[in-house]
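Summary of structural features
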Amino acid sequence: MRVGLVSDTHGLVEPRLGELFRGCDLILHAGDIVRPAVLEALARIAPVTAVRGNNDLDPAFEGLPELVELALDEVRVVLVHEIGGRGRLVPRVRQAVSRSGARVLVHGHSHRPEAAVDRGLLCVNPGAAGPRRFSLPRAAGIMALHGRRVEVRLVDLAQPGLPLLQPPLLVEV
């Protein structure tokens, strides 16, 4: 299963996401969508599961949950915008991970692209695909699931050829 990972679009419909997410079975948006047109554009590429972020104030997002628990292939995933911090998850996120048996946590908010394993939990922040802020790259990712094997690739949306921001992370969860 191939899953597109995106967060913090802040109203920008990034045209390169179509190229990156081509062939995806699902797209996960970890919040701060800001404009409904973003989800509409992503839904033309693949089905979308999204959560509401702290900047999703448009009435169109009132029905979006703040946290979603998913089963993707053999892997349990929690999707949320803000986690508190890796290693010090806010209680509702920590409880959701524990309750669901999640092995993967996809989140946003910090705009900092990163994929790392922390105490057996694969934490993935695809970064921000919206307008560039701070000194961080504009980024998104792909998560490929093969049974319990998960590979995460985070790419730089601003560079030709969508180069990787870090080596691919391949883990058994």
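Structure's up top.
A brief structural summary. Owing to the predicted nature of the structure, the values given are computational and were not obtained by experimental measurement.

A short note on the nonpolar core
Leu 28, Leu 72, Val 106, Met 143 and Val 150 are the most contacted members of the largest nonpolar core, which has 24 residues in total. At the level of secondary structure, the elements contributing two or more residues to this core comprise β1 (2-6), β2 (26-29), β4 (67-72), β5 (75-80), β6 (104-106), β8 (121-125), β9 (139-146) and β10 (149-156). Among residues more than four places away in sequence, those in contact with Leu 72 are Met 1, Val 3, Leu 26, Leu 28, Val 77, Met 143 and Leu 145. Leu 17, Ile 33, Ala 140 and Ile 142 belong to the second largest nonpolar core, which has 20 residues in total.

A look at the sheet that holds β4
Read across the open sheet, the five strands follow the order β4-β5-β6-β8-β7; overall the sheet is mixed. Two strands in the sheet have a free side with no partner beyond their single neighbour: β4 and β7 (114-118). Across the sheet, the axes of successive neighbouring strands diverge by a mean angle of 20°, strand direction being ignored. As paired strands, β7 and β8 are joined by five bridges and run antiparallel to one another. Bridging across to β8, Ala 116 finds its partner in Cys 123.

Side note on a negative patch on the surface
Where like charges cluster on the molecular surface, the negative patch consists of Asp 25, Asp 73, Glu 74 and Glu 172. As for its placement among the helices and strands, Asp 73 is situated in the loop between β4 and β5.

Examining the side chain of His 29
Mapped onto the fold, His 29 is located in strand β2. According to the relative accessible area criterion, His 29 is buried, its value standing at 0%. A polar atom in the side chain of His 29 sits 2.9 Å from the side chain of Thr 9. Residue contacts for His 29: discarding those within four places in its chain leaves Val 6, Ser 7, Asp 8, Thr 9, Val 38, Leu 39, Leu 42, Thr 49, Ala 50, Val 51 and Leu 79.

About the thresholds
Residues numbered from 1 in each chain as written. Predicted model: local features only at pLDDT ≥ 70, side-chain atom pairs only at ≥ 80, totals over all residues. Heavy atoms only, no water. Core = buried A, V, L, I, M, F, W, Y, C linked by side-chain atoms within 4.5 Å. Buried < 20%, exposed > 50% of the residue type's maximum accessible area, 1.4 Å probe, protein only. Helix = DSSP H or I, 4+ residues; strand = E, 2+ residues; numbered from the N terminus. Contact = heavy atoms within 4.5 Å. Pairing = 2+ DSSP bridges. Axes fitted to C-alpha atoms, helices over the stretch in contact; angles between N-to-C directions. Patch = residues over 30% accessible without salt bridge, like charges linked within 9 Å, V, L, I, M, F, W, Y side chains within 5 Å. Areas by Shrake-Rupley, 256 points an atom, 1.4 Å probe, with all protein chains shown as cover. Salt bridge = Lys/Arg side-chain N within 4 Å of Asp/Glu carboxyl O. Lys, Arg positive; Asp, Glu negative; His and termini not counted. Charge placed at Lys NZ, Arg CZ, Asp CG, Glu CD. Polar contact = N/O pair within 3.5 Å; in protein donor to acceptor, adjacent residues only side chain to side chain.

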